[in-house]
Amino acid sequence: MRLIFLGAPGAGKGTLAAGISIKYAIPQVSTGDLFREAVKNGTELGRKVKSIMERGELVPDELTVELVRERLGRPDTRSGYILDGFPRTMPQAMSLDGFQSIDAVINFQINDEGVVRRLSGRRICKSCGAIYHVENRPPKREGKCDSCGAALYIRDDDRIESIRNRLRVYKEQTEPLIAHYRGKGLLKDIDASRNVEDSLAQLQPILQALKTGR
Ligand code: AP5
């Protein structure tokens, strides 16, 4: 199964991708995670993208497409993958069309108010990357990851100015992809504004149908 998770920042793409990746044994390929890893490791790519990400702008298309092309060339993607946060510009989508065929694009629908509420309460594990929310998915012990016990942190781009900018960038550059994929007959909408279980309940039948070819 080759899937794209498309949607505004904070729509819940990463949260759902983590569970689906385990259930269907396909890797979650998150460009955001790959860039954050590069920043953390101080690589040349990391130095190039750090300030872009902090401002909530998009990394240039050439760098992003190259990163994804390399990642999708690895053997673990042979039986499928979830592209989480890629593509998010028309040039990225056109490039991807040129080297991969996708089975479905899941469009996570949520309004701006919901995005702000989710991102301003998000906490992430420093060690394993597990995603929490102070109200919706609080950890059992405050500030500590349930899975590995490491400290939780707030992403640099989850400050309110950056959230607003990410929303603007999403509307200008990423929203046009909805029409692109709808036109190809690949788009599946889900209402992502309710709880995680509700989003999962909408997603499961879509994935099951893809898996069984019905
Ligand atoms: P990226 O990491 O992709 O960020 P994003 O798209 O802004 O998405 P988020 O990770 O913020 O949100 P999400 O939808 O995964 O939500 P989550 O599950 O965490 O990109 C970061 C940056 O990298 C970009 O700004 C850009 O600079 C660069 N970049 C990345 N890809 C790029 C590309 N293709 N081209 C160019 N640049 C690129 O959930 C959010 C919160 O809500 C959590 O606290 C969670 O617990 C909670 N939550 C989730 N679902 C629910 C639910 N159903 N109910 C209640 N709470 C929920």
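For the structure, check the block above.
Okay, so let's go over this structure. Just so you know, these numbers come straight off a predicted model, no measurement behind them.

This next bit is on the nonpolar core. Phe5, Leu83 and Tyr181 are the most contacted members of the largest nonpolar core, which has 44 residues in total. Discounting residues that sit within four places of it in the chain, Leu83 has contacts with Leu3, Ile4, Phe5, Val29, Val68, Leu72, Leu96 and Ile102.

What follows covers the state of the cysteines. What the rule picks out here adds up to zero disulfides. No disulfide involves Cys125; its sulfur sits 3.5 Å from the nearest other cysteine sulfur, which is in Cys148. What makes Cys125 buried here is its relative accessible area of 2%. Considering cysteine sulfurs only, Cys145 is the nearest to Cys128, which forms no disulfide, with 3.7 Å between them. Looking at Cys128, the relative accessible area reads 41%, which means it is partly exposed.

This next bit is on helix 9 (residues 196-212). Taking 1.5 Å per residue as the helical rise, helix 9 with its 17 residues ought to reach 24 Å, and the 24 Å between its terminal C-alpha atoms agrees with that figure. Taking the largest bend as the criterion, helix 9 deviates by roughly 25 degrees, centred on Leu203, and proline Pro205 comes between one and four positions later. Three or more residues of helix 9 are buried, namely Ser199, Leu203, Ile206 and Leu207. Within two residues after helix 9, Gly213 carries a phi angle of roughly 75 degrees, on the positive side.

The next thing to look at is the site of the ligand. Close to the ligand lie 36 residues; Thr15, Glu57, Arg122, Tyr132 and Arg166 are nearest. Within the contact set of the ligand, an oxygen atom lies 2.5 Å away from a backbone nitrogen or oxygen of Glu57. One of the backbone nitrogen or oxygen atoms of Gly85 is found 2.9 Å away from a nitrogen atom of the ligand. When isolated, the ligand has an accessible area of 1000 Å², and the protein chains bury 97% of it. Secondary structure elements with two or more residues in the shell around the ligand: helix 1 (13-24), helix 2 (31-40), helix 6 (112-120), strand 6 (131-133) and helix 9. Class assignment of the residues belonging to the shell around the ligand gives a composition of twelve nonpolar, 13 polar and eleven charged.

Calculation notes
- The residue numbering used here restarts from 1 in each chain and proceeds along that chain's sequence as written.
- Totals for whole chains, interfaces and linings use every residue, but because this is a predicted model, local features are given only for residues with pLDDT of at least 70 and side-chain atom pairs only at 80 or more, for both listing and counting.
- To obtain the side-chain values, all non-hydrogen atoms of the structure were used and water was disregarded.
- Only buried residues count toward a nonpolar core. Its members are Ala, Val, Leu, Ile, Met, Phe, Trp, Tyr and Cys residues joined through side-chain atoms within 4.5 Å.
- Exposure categories follow from relative accessible area, calculated using a 1.4 Å probe and restricted to protein chains: below 20% of the type maximum is buried, above 50% is exposed, and the middle band is partly exposed.
- Any pair of residues with heavy atoms lying within 4.5 Å of one another is described as a contacting pair.
- By convention in this document, the label disulfide applies to cysteine sulfur atom pairs within 2.5 Å.
- The numbering of helices and of strands both runs from the N terminus, where a helix is a DSSP run of H or I of at least 4 residues and a strand a run of E of at least 2.
- Any helix carries an expected span of 1.5 Å times its number of residues minus one.
- By definition, a residue's bend is the angle between the axes fitted to the seven residues ending there and the seven starting there.
- One heavy atom suffices: a residue is near a molecule or strand as soon as one of its heavy atoms comes within 4 Å of it.
- Counted as a polar contact is a pair of N or O atoms within 3.5 Å, where, for protein atoms, one must be capable of donating a hydrogen and the other of accepting one, and residues adjacent in sequence contribute only when both atoms are in side chains.
- The Shrake-Rupley method, run with a 1.4 Å probe sphere, supplies the accessible areas, and residue values consider only the shown protein chains as cover.
- All amino acids are sorted into three groups, where Ala, Val, Leu, Ile, Met, Phe, Trp, Tyr, Cys and Pro are nonpolar, Asp, Glu, Lys and Arg are charged, and the leftover types, Gly among them, are polar.

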